[in-house]
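Chain by chain, the residues run as shown.
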Amino acid sequence: MGKSEIENTILLSPVEGDNLLSEFTEMATNFHGYPAPGVILGCYMVEMAKMCIPNDILYDAICETSWCLPDSVQMMTPCTIGNGWLKIINLGLYAVSLYDKFTGEGVRIFVDVSKIPAFDEISNWLLKLKAKSEQNSERLRHQIGDCHHLICSREAVTVGFEHLIKRSKGPISVCPLCREAYPLKHGEICRQCQGDSPYLSRETRKSELVRSPVLDSVKTEEAVGQKILHDMTQIIPGESKGAAFRRGQTITVGDICRLQKMGRNRLYTDQSSIDSGKWVHEDQAAEAFASAMTGDGARVGGTPREGKVNIVASQNGLLLVDSQRLRNFNLIPGVMAAARKNFTTIKKDKVIAGTRAIPLYLPKDIFNAAMAILDKKPLFRVQAFKPAKIGILITGTEVFKGLVKDKFEAILTGKVIKYGCSLVKTIIVPDDPGAIAQAVGQLIEAESDIIITTAGLSVDPEDLTLKGLLDAGATDLLHGAAVLPGAMTLIGNIGNVRLMGVPACALFHKTTSFDLLFPRVLADIKITRGDLAELSNGGLCLECQTCSFPKCPFGK
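A brief look at the structure comes next. (Residues numbered from 1 in each chain as written. Predicted model: local features only at pLDDT ≥ 70, side-chain atom pairs only at ≥ 80, totals over all residues. Heavy atoms only, no water.)

**Details of the sheet that holds strand E23 (residues 450–454)**
So, step 1. With respect to topology, six strands assemble into an open sheet ordered E22-E21-E23-E26-E25-E24, the strand pairing being mixed. Because the sheet does not close on itself, it has two edges, and the strands there are strand E22 (422–429) and strand E24 (475–479). Averaged over all neighbouring strand pairs, the angle between strand axes comes to 20°, with direction disregarded. (Pairing = 2+ DSSP bridges. Helix = DSSP H or I, 4+ residues; strand = E, 2+ residues; numbered from the N terminus. Axes fitted to C-alpha atoms, helices over the stretch in contact; angles between N-to-C directions.)

Quick look at the structure:
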């Protein structure tokens, strides 16, 4: 159905029929619970939309509000929420569209605010000019019945392709935590277990405390010759914390006094009666978790200590964390994993994460639920930096003419060589788009992997760097980041060469957005507008007199 067909149909003639208002009022009462004016008006709006749709068209519907109007559509058409033919896109607008479910072409009927001032009760109701108790409901319903076609307007619309796709649940899985079926596209565990449940409490989930097996303890002085069931930590305030006794260690007479000084008057010793088919010891759980979590560029950092296993970097690089799946793992009671911040620069052999079970013995079904989240791929990996050849393009007529001495080259060189990069060429050009574009070409010919431009990215008339880069063929440009200092930063590409624009604030501030983004570029990570927006939380530098970056909250 083309737009022209809609345009040639009846233009909002009144919906005619004997006793229609009474019929719509009764339908609204039966379906909605009471004769809501919004439902009654919606019935008229749907009928006006149907008058604009040829009879041989199979149509779907879109409601732009979740109030009342969806009920009208479900009463007056075959389109319902349940069958998926009615979509509610809550824009807060009182409008309904019917459209060809194959082409997306249709008609939109909406309440036109410019037309309602002549109808006092409708105005009072729609714009909430009077309290509901002060409105004349009977008169309002009659105004709607008499004037529905005078207060609405219509327009031809084409619905986006994404709304034409037949909805599908996709593959179904059983949540490893609650054991209920759910669409797998929601994640490794169902949305209820991700924390989206509307219920404050449920009879079947009265507590999230993890059950434990019944363990026999013995008096410390009677434990001589027996093996300890778990590492026992000794803390000397301000001095040390560590495992004074290790799992499997045989207790001797000489250990009794030391254990009692640690406050250990009863001990868990080797429990041969524990059913390994039902329970998983904390050490076994931690080893399994760590092994499944560890990806490229990382390794498991040894055997469990005090129930915990660390994961360490096996190379220098950028830490990449699957944050959503890490969160899902930690939503399972009885397990935990903590990591350094995503996109942190990491040195070889440094700890990036740690994991453990919370109880001494973890129920096997809880263990399996946690492992199901880790089955697909690791949570942590360290992506190696690629030592790059850097080309620096310094813009500024004042620098080009020698009126101001350049300081950018030294600043940027100091930053990039820390990552093993080499400087292949530096070019200084005036604030001229042609000169900037030409210099970019020269830096590319010098085989630069990354071109860093300086200044000229703000709002002054002479800030022409962006135009020069566009003239040079720059694509995928992102200008502006939610970071201070460094809001005017620039990210993009010129062919296979990565492009970074550093604002002039880097001449004053030791740490800027460049320091947050350059490691990602070196690790060949694509940077999106969403990535730049996420920097906002933690993107405000405190501008400390003594900069301790990256050991500070900036960018975290």
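**Focus on the pattern of salt bridges**
So, step 1. Counted under the stated rule, the structure contains 21 salt bridges.
So, step 2. Between Asp 524 and Lys 386 there is a salt bridge, and its shortest N-O distance comes to 3.4 Å. Of this pair, Asp 524 sits in the loop between helix H16 (513–522) and helix H17 (529–534) while Lys 386 sits in the loop between strand E20 (380–383) and strand E21 (389–395); the two residues are 138 residues apart in sequence, bridging distant segments of the chain.
So, step 3. Because the salt bridges share partners, they merge into one network encompassing Asp 60, Lys 87 and Lys 101. (Salt bridge = Lys/Arg side-chain N within 4 Å of Asp/Glu carboxyl O.)

**Focus: a nonpolar patch on the surface**
So, step 1. Judged by side-chain polarity, Val 113, Leu 127 and Leu 129 come together as a nonpolar surface patch covering roughly 280 Å² of accessible area.
So, step 2. Structurally, Leu 129 is set in the loop between helix H5 (120–126) and helix H6 (137–151). (Patch = residues over 30% accessible without salt bridge, like charges linked within 9 Å, V, L, I, M, F, W, Y side chains within 5 Å. Areas by Shrake-Rupley, 256 points an atom, 1.4 Å probe, with all protein chains shown as cover.)

**Let's talk about the layout of surface pockets**
So, step 1. Approximately 1000 Å³ is the volume attributed to the largest pocket.
So, step 2. If you trace the largest pocket, you find 35 residues lining it, with Thr 345, Lys 418, Tyr 419, Phe 549 and Pro 550 closest to the centre.
So, step 3. Of all the elements in the fold, those that place two or more residues in the lining of the largest pocket are strand E17 (345–346), helix H13 (408–416) and H16.
So, step 4. Residue contributions to the lining of the largest pocket peak at six residues, all from H16.
So, step 5. Within the lining of the largest pocket, the residues separate by chemical class into 17 nonpolar, seven polar and 11 charged. (1 Å grid on protein atoms, 1.4 Å probe; cavity = no way out; pocket = protein on both sides within 12 Å on 5 of 7 lines; lining within 4 Å. Points joined across faces, edges and corners; volume = space filled by probe spheres on them. Nonpolar A, V, L, I, M, F, W, Y, C, P; charged D, E, K, R; others polar.)

**Some thoughts on the sheet that holds strand E1 (residues 59–63)**
Whenever strands of a sheet pair, they do so through backbone hydrogen bonds, lying parallel or antiparallel.
So, step 1. A sheet is described by the order of its strands in space; here five strands give the open sequence E2-E1-E3-E4-E5, paired in mixed fashion. One side of each edge strand has no neighbouring strand; the edge strands of this open sheet are strand E2 (86–88) and strand E5 (152–158). For this sheet the average axis-to-axis angle between neighbouring strands, irrespective of direction, equals 20°.
So, step 2. Pairing of E1 with strand E3 (residues 95–100) involves five bridges; the strand directions are antiparallel.

**Considerations on helix H11 (residues 364–374)**
So, step 1. Turning to H11, its buried residues number three or more, namely Ile 366, Phe 367, Ala 369, Ala 370, Met 371, Ile 373 and Leu 374.
So, step 2. Packing partners of the buried residues in H11 comprise strand E12 (279–281), helix H9 (282–293), helix H10 (323–330), strand E16 (335–339) and strand E19 (361–363). (Buried < 20%, exposed > 50% of the residue type's maximum accessible area, 1.4 Å probe, protein only. Contact = heavy atoms within 4.5 Å.)

**Let's talk about the pairing of E3**
So, step 1. Most of E3 sits inside the fold, with six of its six residues counted as buried.
So, step 2. Here five bridges tie E3 to strand E4 (residues 105–111), and the two strands are oriented antiparallel to one another. Bridge pairing in E4 places Val 96 opposite Ile 109.
So, step 3. Between the antiparallel neighbours E3 and E4 lie four residues, among them Gly 104 with a positive phi of about 85°.

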